[in-house]
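The lines below spell out each chain.
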There are 2 protein chains.
Amino acid sequence: MTDTYSVDIRITPREGILDPQGETISRALGNLGYEGIRSVRAGRLVRIELEAESSDDAASAVGRMCEELIANPTIEDYVVRVREGVSG
Amino acid sequence: MTDTYSVDIRITPREGILDPQGETISRALGNLGYEGIRSVRAGRLVRIELEAESSDDAASAVGRMCEELIANPTIEDYVVRVREGVSG
């Protein structure tokens, strides 16, 4: 018997890793006249809905997906969070 | 007198808008043998640290940045959340 879970993955560049996308946004904001920007970091957000036997199983399956495909653990950190069971 | 605030922006494809990156991840996970995936949506996460007079001012400045540069409101939804004041 499985339920459907909605799982969020927040993927961010690791501390000390160059973040060209964040740098570009930061520079563009300065060019547009925004002041007081100290840093901009750009990451990714992936939301997966999947069938699993429990919330723990959903989190651990998504952790494996991150290691194998979704994140690049050499340069990215990721945080997995099960948001909720989804009905149906 | 300003403080430094850390603000998160979660940018997601709007309901009904095609999400080729999410589709690609979903298909690749299936090819790797993962089962029970119902949907994958891919978005972006931007974290900005900036000087502002108050948490409300920080949120409203970042809202303007989203409209002007960071998000594409035609195809993306975004949520701005001030995480915390950052010391220094």
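Nothing here was measured: the structure is a model prediction, and the numbers come from that model.

1. What about helix α1 (residues 20-31) of chain A?
Residues and elements named next belong to chain A.
Line of reasoning, step 1. Given a rise of 1.5 Å per residue, 12 residues ought to cover 16 Å, and the 16 Å separating the end C-alpha atoms of α1 matches this to within 8%.
Line of reasoning, step 2. Along α1, the residues classified as buried are Gly22, Ile25 and Leu29. Along α1, the residues classed as buried sweep out an arc of 60° about the axis, all on the same side. α1 presents Pro20, Arg27 and Asn31 as exposed residues on the side facing more than 90 degrees away from its buried surface.

2. Some thoughts on the nonpolar core
Line of reasoning, step 1. Within the largest apolar cluster, 20 residues are counted, with the highest numbers of intra-cluster contacts made by A:Leu29, B:Ile9, B:Val46, B:Ile48, B:Leu50, B:Met65 and B:Ile70.
Line of reasoning, step 2. Elements that contribute at least two residues to this core include exactly α1 and β2 (37-52) of chain A together with β1 (3-13), β2 (37-52) and α2 (55-70) of chain B.
Line of reasoning, step 3. Here the element with the most residues in this core is α2(B); it accounts for six residues.
Line of reasoning, step 4. Membership of the second largest hydrophobic core comes to 19 residues, among which are A:Tyr5, A:Ile9, A:Ala52 and B:Leu29.

3. Considering the pattern of salt bridges
Side chains that differ in charge, positive against negative, can pair when their charged atoms come close.
Line of reasoning, step 1. Evaluation of the coordinates by the stated rule reveals 12 salt bridges over all chains.
Line of reasoning, step 2. With a closest N to O distance of 3.0 Å, B:Asp8 and A:Arg10 form a salt bridge. On the criterion of chain membership, the pair formed by B:Asp8 in strand β1 and A:Arg10 in strand β1 (residues 3-13) is interchain, its members lying in two chains.
Line of reasoning, step 3. With its nearest N and O atoms 2.8 Å apart, the salt bridge here joins B:Glu51 to A:Arg38. Of this pair, B:Glu51 sits in strand β2 while A:Arg38 sits in strand β2, on two different chains.
Line of reasoning, step 4. What you see here is one network of salt bridges that share partners, running through A:Asp8, A:Arg47, A:Arg83 and B:Arg10.

4. Notes on the confidence of the model for chain A
Line of reasoning, step 1. This prediction gives chain A a mean pLDDT of 94; 98% of its residues lie at or above 70.
Line of reasoning, step 2. We note a pTM of 0.88 for the whole complex and an ipTM of 0.87 for its interfaces.

5. Points about the pairing of β1(A)
Residue and element names in this part refer to chain A.
Line of reasoning, step 1. With eight of 11 residues buried, β1 is to be regarded as a mostly interior element.
Line of reasoning, step 2. In this structure, β1 lies alongside β2, joined through nine bridges in antiparallel fashion. Across the sheet, the residue bridging to Thr4 is Glu51, located in β2.
Line of reasoning, step 3. Pairing of β1 with strand β3 (residues 76-86), which is carried by 10 bridges, proceeds in the antiparallel orientation. Bridging from a neighbouring strand, Asp8 pairs with Arg81 of β3.

What counts, and at which threshold
Residues numbered from 1 in each chain as written. Chains lettered and ligands numbered in written order. Predicted model: local features only at pLDDT ≥ 70, side-chain atom pairs only at ≥ 80, totals over all residues. Heavy atoms only, no water. Helix = DSSP H or I, 4+ residues; strand = E, 2+ residues; numbered from the N terminus. Expected span 1.5 Å × (residues − 1). Buried < 20%, exposed > 50% of the residue type's maximum accessible area, 1.4 Å probe, protein only. Arc of directions from axis to C-beta. Core = buried A, V, L, I, M, F, W, Y, C linked by side-chain atoms within 4.5 Å. Salt bridge = Lys/Arg side-chain N within 4 Å of Asp/Glu carboxyl O. pLDDT = per-residue confidence, 0-100. Pairing = 2+ DSSP bridges.

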